[in-house]
Amino acid sequence: MRFVTGVQTCALPIYRTSGQGGRARRAILPGVVAGLTLLAPTMPVPADTLTGYRPPAPRTTLNFYGSPGLIDMPSAGVMPDGEFSTTLSHFGGITRNTLSFQITPRLSGAFRYSATEGLNLAGFETYFDRSFDIRYQILQQREGGWWPSVAVGLQDFVGTGIYAGEYIVASRSVSDTLTVTGGVGWGRLGSYNAFGAPFSETRPSFVAGDTGGEFSADQWFRGPAAFFGGVEWQPTDRLGFTVEYSSDAYVTETGQGVFERRSPWNFGVDYQVNRSLRMGAYYMYGSEVGVNFAFSFNPARPAVPPSFEPTPAPFAQRPDGGEAPELWSTDWVADPAARPGLGERLAERLSAEGQELQAFDLGANTVEIRIENNRYTAVAQALGRSARVMAEVLPPSVETFRITLMDGGLPVSTMIIRRSDLEALEQEPDAVGALQTLVGLTAATPTEEEDLVAGLYPRFDWSLRPYTRASYFDPDNPILMNLGVRLRGSYEFRPGWRVDGALTYRLVGNLDQARVSPSALPDVRTSGARYEQHDGIALETLTLSHARPLGNDFYGRVTVGYLERMYGGISAEVLWRPVTSRLALGAEVNYVMQRDYDLGLGFRDYDVVMGHVSAYYDMSNGYHLQLDVGRYLAGDWGATIAIDREFANGWSVGAFMTLTDVSAEEFGEGSFDKGIRFSIPVSWFTGQPSRRAVGTTIRPVTRDGGARVHVPDRLYDRVREGHLGNIDDQWARVWR
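K.L.:
Outline the overall build of the chain, supporting the account with residue identities and numerical values.
P.N.:
The helix and strand tally for the chain stands at 11 helices and 31 strands. Residues classed as buried in the chain amount to 56% of the 736 residues present. When the accessible surface of the chain is summed, it comes to about 29800 Å², and 59% of that surface belongs to carbon and sulfur atoms.

In structure tokens form, the structure reads like this:
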């Protein structure tokens, strides 16, 4: 049966970015909420007053599928690199809500959740569907050139295939205000007035009741093909008009009376309200009025400019040794008051820069400090600010600075830099590039007991904050949500040794109404809704963990306790990650037991040994690849591949998929596990430096195959932040 899902808990938590996720109207709420939340700080401003903003001429618009296009048909345009858009469109009883991302300057992808009223497939009066698109611009129009832009795309290429279609499309700007588009479509896009089948007469069709979610490669570019096209006229920076000829016959929808298709022609007008919002109204298929709202935001275009960040003081210069030789004396090392005095001044000044001094080692010519970065998204900026503090506080005899980054008591890496290089380069035109060649980066060693700041350990921290937890894509309730309060605490008694826990109390919500899905596998995730049926205080997590460097570029972690809402047990991990390498290798093994539904201390009668070996690769330019191979919660064996794009300001967007030895029929709806995830730094909204971020993981469907236990503080994301590949991408901020 289609759309039988378990609870999908896609909360929007606030967390640190270091190592320390009518019925048709309801279907589109997740995208509307996300769009309005992100746009809240962005007020309407005339185009000519927006700093650095002027819509391109002609502007790339998003169609009713949320992809660059005309009205209902695609075009060959692309969004700006890194652009993230959510589109809400409606006509003729069809509502589509689409998240789109420009993955590279030419490659883009989209995830869509649609609702069609009156389309009775799989037994539902309103048919809900999830689908993915991907497209690539193979040619780009050059200024003064004759060649148009050309793109090839796959629509609904992994899903049930009800929206499946492929296309090759060309677009050319014939003036600053006029763009002409023409293309050939297959599948849905080849269903009206087809001219033939260029590659194959046979095309497998969508069948209601299939599990869906499989790659429909046997359909691609097969069956009848048809022409489509249109013209876009943009007389002003804000106003646009479109005329379109559609090759989609809407066979299924018109056959069930969803709407009447009288004509292939569509007409529309759109208006750019501000740099983030575009809206349009359309007359479609000779019978329907449609509307389209597109919210666009970009990591490079913050909602609030970073104008609240304090400017660093000039780098302190030492006096000339010939004029004041006594100031360069090393006698201070023998002074018993030197260590506590300098430590106190370092801690005070570092704290003002958002850095916590955890340990320090004073030498006549070399000083090492160990810091926890609590303010800056860019590690390079934290290192630069810390070096300025050292130059301000330390005696002139200290020539070598060693700055070790810590993450929750785990030493990550050590930057080594000569003070004289910093003094000489600050005012140089190519200070960033020159300094980069002079900095040394090494693996960090364990923290010595005698170097710890006096009175730092043990320490206790706690917070009381609201939380939300949501479930999407249930066909009866497309969005379910709980709102409550979470009391979180941590007790760190030595570096790398800590106890963490969280209690939650639900205030309001309806997640307990989520359906519990039947499964052919052990119900390791599909029973998630049962954990939402408990009222009162719930023990969310309670863990004891230890993490430390093991030497020779190895790091280790052990965590024991109630790891997450559904599972408790023990988890052990080892990671090999040289500081100058883009490759990392890791292994993790877990023995976990399923917790009782009341979220108390008890366990149910299910346990499993699971784990993975992992390879991580930093592909540079912000792209990260991860491959995990091993055993999953339901006892199935397989692999997960994930790719993420991370921006210098902390934005991150990624996608993943898991294939195991579970068949599509055993897995159920969706055929295999897959999803998208994103994280947005709070500083993007506020303009103030912060380590916190909001983000989530969205799965089209939650099933039991390919499921993993959620272990807090896995090593790779904690360690890589202070290693060469990550710091290289941020190095321009070292002087800020």
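K.L.:
Report on the packing of aromatic side chains, specifying residues and quantitative values.
P.N.:
The description of two aromatic rings rests on the distance between their centres and on the angle between their planes. What the rule picks out here adds up to 29 aromatic pairs. Ring centres 5.4 Å apart and planes at 85 degrees place the aromatic pair Trp-684 and Phe-685 in the edge-to-face group. In this structure, Lys-674 is placed above the aromatic ring of Phe-672, and the distance from its NZ or CZ to the ring centre is 4.2 Å.

K.L.:
For the pairing of strand E23 (residues 554-562), give the residues involved together with the corresponding values.
P.N.:
For strand E22 (residues 537-551) and E23, the ladder comprises nine bridges, and the chain directions are antiparallel. Across the sheet, residue Gly-551 finds its bridge partner in E23, namely Phe-554. The antiparallel hairpin formed by E22 and E23 contains two residues in its connecting segment, where Asn-552 sits at a positive phi of about 55 degrees. Where E23 meets strand E24 (residues 567-576), eight bridges bridge the pair, whose relative direction is antiparallel. Across the sheet, the residue bridging to Val-560 is Ile-570, located in E24. Between E23 and the antiparallel strand that follows it, E24, lie four residues.

K.L.:
Break down the sheet that holds strand E14 (residues 355-362) for me, citing the residues and quoting the values.
P.N.:
One open sheet holds the five strands; their spatial order is E14-E15-E16-E17-E18, and the pairing between them is mixed. Since the sheet does not close on itself, it has two edges, and those belong to E14 and strand E18 (440-443), each with one partner. The average angle at which neighbouring strand axes cross in this sheet is 25 degrees, direction not considered. Note: strand E15 (residues 366-373) against strand E16 (residues 400-407), seven bridges, orientation parallel. Residue pairing across strands places Ile-371 opposite Leu-405, the latter belonging to E16.

K.L.:
Describe the packing of helix H4 (residues 338-352) against helix H5 (residues 379-393), with residues and values.
P.N.:
Running from N to C, H4 and H5 cross one another at 145 degrees; their axes reach a closest spacing of 10 Å. Remark: the crossing between H4 and H5 carries right-handed chirality. Contacts between H4 and H5 involve Leu-342, Arg-345, Leu-346, Arg-349 and Leu-350 from the former and Ser-386, Val-389, Met-390, Glu-392 and Val-393 from the latter.

K.L.:
Got a sec to walk through H4? Specific residues and values, please.
P.N.:
Between its first and last C-alpha atoms H4 spans 21 Å; for 15 residues at 1.5 Å apiece the expected length is 21 Å, and the two agree. Listed in full, the buried residues belonging to H4 are Ala-338, Leu-342, Gly-343, Leu-346 and Leu-350. One face of H4 carries all of its buried residues, which in axial projection span an arc of 110 degrees. Exposed residues on H4 whose side chains face more than 90 degrees from its buried face are Glu-344 and Glu-348. Contacts made by the buried residues of H4 are with E14, E15 and H5. Positive backbone phi, approximately 80 degrees, marks Gly-354, located one or two places after H4.

K.L.:
Before we move on, can you summarise a nonpolar patch on the surface with the specific residues and values?
P.N.:
A surface patch of nonpolar side chains, about 1200 Å² in accessible area, is lined by Phe-460, Trp-462, Leu-464, Leu-483, Val-485, Leu-487, Tyr-491, Leu-503, Tyr-505, Leu-507, Val-508 and Ile-537. In this structure, Tyr-505 sits in strand E21 (residues 497-509).

K.L.:
Quick one: what's the story with the sheet that holds strand E13 (residues 288-297), residue by residue and with numbers?
P.N.:
Taking strand neighbours around the barrel as the criterion, the 12 strands line up as E2-E3-E4-E5-E6-E7-E8-E9-E10-E11-E12-E13 in a closed arrangement whose pairing is antiparallel. Strand-to-strand twist in this sheet, taken as the mean axis angle between neighbours without regard to direction, amounts to 20 degrees. Inspection of the sheet shows strand E3 (residues 94-102) paired to strand E4 (residues 107-121) by nine bridges, in the antiparallel sense. Each residue of the ladder has a partner; that of Asn-97, found in E4, is Tyr-113.

K.L.:
Quick one: what's the story with the environment of Glu-492, residue by residue and with numbers?
P.N.:
With respect to the element layout, Glu-492 can be found in strand E20 (residues 479-494). For the pair formed by Glu-492 and Asp-461, sequence separation is 31 residues and the distance between their alpha carbons is 8.6 Å. Those residues in contact with Glu-492, other than ones at most four positions away along the chain, are Gly-408, Gly-409, Tyr-457, Pro-458, Arg-459, Trp-497 and Arg-498.

K.L.:
Give me the pairing of strand E5 (residues 124-139): which residues, what numbers.
P.N.:
As defined by bridge partners, E4 adjoins E5 across 12 bridges and the pair is classed as antiparallel. Looking at the pairing, Ser-108 lines up with Arg-135 of E5. The pairing of E5 with strand E6 (residues 149-158) spans seven bridges and is classified as antiparallel. By the bridge assignment for E6, Asp-133 is matched with Gln-155.

Each value, and the rule that gives it
- Residues numbered from 1 in each chain as written.
- Predicted model: local features only at pLDDT ≥ 70, side-chain atom pairs only at ≥ 80, totals over all residues.
- Heavy atoms only, no water.
- Helix = DSSP H or I, 4+ residues; strand = E, 2+ residues; numbered from the N terminus.
- Buried < 20%, exposed > 50% of the residue type's maximum accessible area, 1.4 Å probe, protein only.
- Areas by Shrake-Rupley, 256 points an atom, 1.4 Å probe, with all protein chains shown as cover.
- Phe/Tyr/Trp six-rings, centres within 6.5 Å; stacked < 30°, edge-to-face > 60°.
- Lys NZ or Arg CZ within 6 Å of the ring centre and 35° of its normal.
- Pairing = 2+ DSSP bridges.
- Axes fitted to C-alpha atoms, helices over the stretch in contact; angles between N-to-C directions.
- Left-handed = near helix turned anticlockwise from the far one by under 90°.
- Contact = heavy atoms within 4.5 Å.
- Expected span 1.5 Å × (residues − 1).
- Arc of directions from axis to C-beta.
- Patch = residues over 30% accessible without salt bridge, like charges linked within 9 Å, V, L, I, M, F, W, Y side chains within 5 Å.
- Salt bridge = Lys/Arg side-chain N within 4 Å of Asp/Glu carboxyl O.

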